[in-house]
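Read off the chains here:
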Amino acid sequence: IHHINIYTVAAARHNGKWNTNKYIITSSAWSGGSLDIAVAYVTVTGIQVERIGGGANNSGISVYDNNTIDKCIVKGHLGGNTYGFEIWDATNITFKNCLAFNCTGPNGKGWYKRTSPGGTMYFYNCSADGDSDAVFTQGETTSFSHGLRV
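To keep things clear, this report deals only with the structure shown in the data block. All values derive from a computational prediction rather than experimental measurement.

Below, the discussion takes up the environment of N92. Here N92 lies in strand β10 (residues 92–96). For N92, a relative accessible area of 31% translates into the label partly exposed. A sequence separation of 52 residues divides N92 from A40, and the C-alpha atoms of the two residues are 9.8 Å apart. Those residues in contact with N92 that sit more than four places away from it in its chain are D65, N66, N67, T120 and Y122.

Structure below.
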């Protein structure tokens, strides 16, 4: 198994809160993820993502199976339909020290788990603030473990 690490260097990394002086991925694409992780065994660390527009089904970070997202912040588009973190066909996803905020609109969600039955999303010291829904799972029961503050 090969692992991929996507990260910001220390000089470009936020200090745990939104920081416009640090590295930010900004997207106004109509749909899809600003950062779309479509393979397993990827760790993303220290990324800030801002959605500045777009239509339905747009997300800050989209992930699939067996990924770890650590120290990432997603800022949604006020009044838009933003998913902070969108989880596709995943059975094992870990979020550590992450924040989703301003993910508003009729479909706004901090964390949105789609399609695959079952699975576990692990939350360690994560927060959702100002989102229409903090966590939403589509037509299923998903096990949550550890800390998610809303």
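Under the definition given, this model contains two salt bridges. A salt bridge links E50 to K75; the shortest N-O distance between them is 3.6 Å. Of this pair, E50 sits in strand β5 (residues 48–51) while K75 sits in strand β8 (residues 73–75), placing them 25 residues apart in sequence. Classification of K75 by relative accessible area gives partly exposed; the value is 22%.

What follows deals with the state of the cysteines. As used in these notes, a disulfide is a covalent bond between sulfur atoms, one from each of two cysteines. Summed over all chains, the structure comprises zero disulfides. A disulfide-free cysteine, C126 has its sulfur positioned 4.7 Å from the sulfur of C98, the nearest such atom. Looking at C126, the relative accessible area reads 0%, which means it is buried.

Attention now goes to the packing of aromatic side chains. For the structure shown, the criterion picks out seven aromatic pairs. Measuring from ring centre to ring centre gives 5.9 Å for W18 and F101, while their planes differ by 70°; the resulting arrangement is edge-to-face. On the criterion of sequence distance, the pair formed by W18 in the loop between β1 (4–7) and β2 (24–27) and F101 in strand β11 (residues 99–101) is long-range, its members being 83 residues apart. On the basis of relative accessible area, F101 is assigned to the buried category, the value being 14%. Ring geometry for W111 versus F123: centroids 5.4 Å apart, planes at 85°, classification edge-to-face. Of the two residues, W111 is situated in strand β12 (residues 109–114) and F123 in strand β13 (residues 120–129); the sequence distance between them amounts to 12 residues. Owing to a relative accessible area of 1%, F123 belongs among the buried residues under this scheme. The lysine or arginine in question, K109, covers the ring of Y112, its NZ or CZ lying 5.5 Å from the ring centre.

This next bit is on the nonpolar core. One finds I61, I69, F85, F95 and W111 to be the most contacted residues of the largest nonpolar core, which totals 25 residues. Taken together, the elements giving at least two residues each to this core come down to β3 (32–37), β4 (42–45), β6 (58–63), β9 (82–88), β10 and β13. A total of four residues in this core trace back to one element, the largest contributor, which is β13. For F85, the contacting residues outside a window of four places in its chain are I61, I69, C72, V74, F95, C98, L99, A100, G110, W111 and Y112.

Calculation notes
- Residues numbered from 1 in each chain as written.
- Predicted model: local features only at pLDDT ≥ 70, side-chain atom pairs only at ≥ 80, totals over all residues.
- Heavy atoms only, no water.
- Helix = DSSP H or I, 4+ residues; strand = E, 2+ residues; numbered from the N terminus.
- Buried < 20%, exposed > 50% of the residue type's maximum accessible area, 1.4 Å probe, protein only.
- Contact = heavy atoms within 4.5 Å.
- Salt bridge = Lys/Arg side-chain N within 4 Å of Asp/Glu carboxyl O.
- Disulfide = S-S within 2.5 Å.
- Phe/Tyr/Trp six-rings, centres within 6.5 Å; stacked < 30°, edge-to-face > 60°.
- Lys NZ or Arg CZ within 6 Å of the ring centre and 35° of its normal.
- Core = buried A, V, L, I, M, F, W, Y, C linked by side-chain atoms within 4.5 Å.

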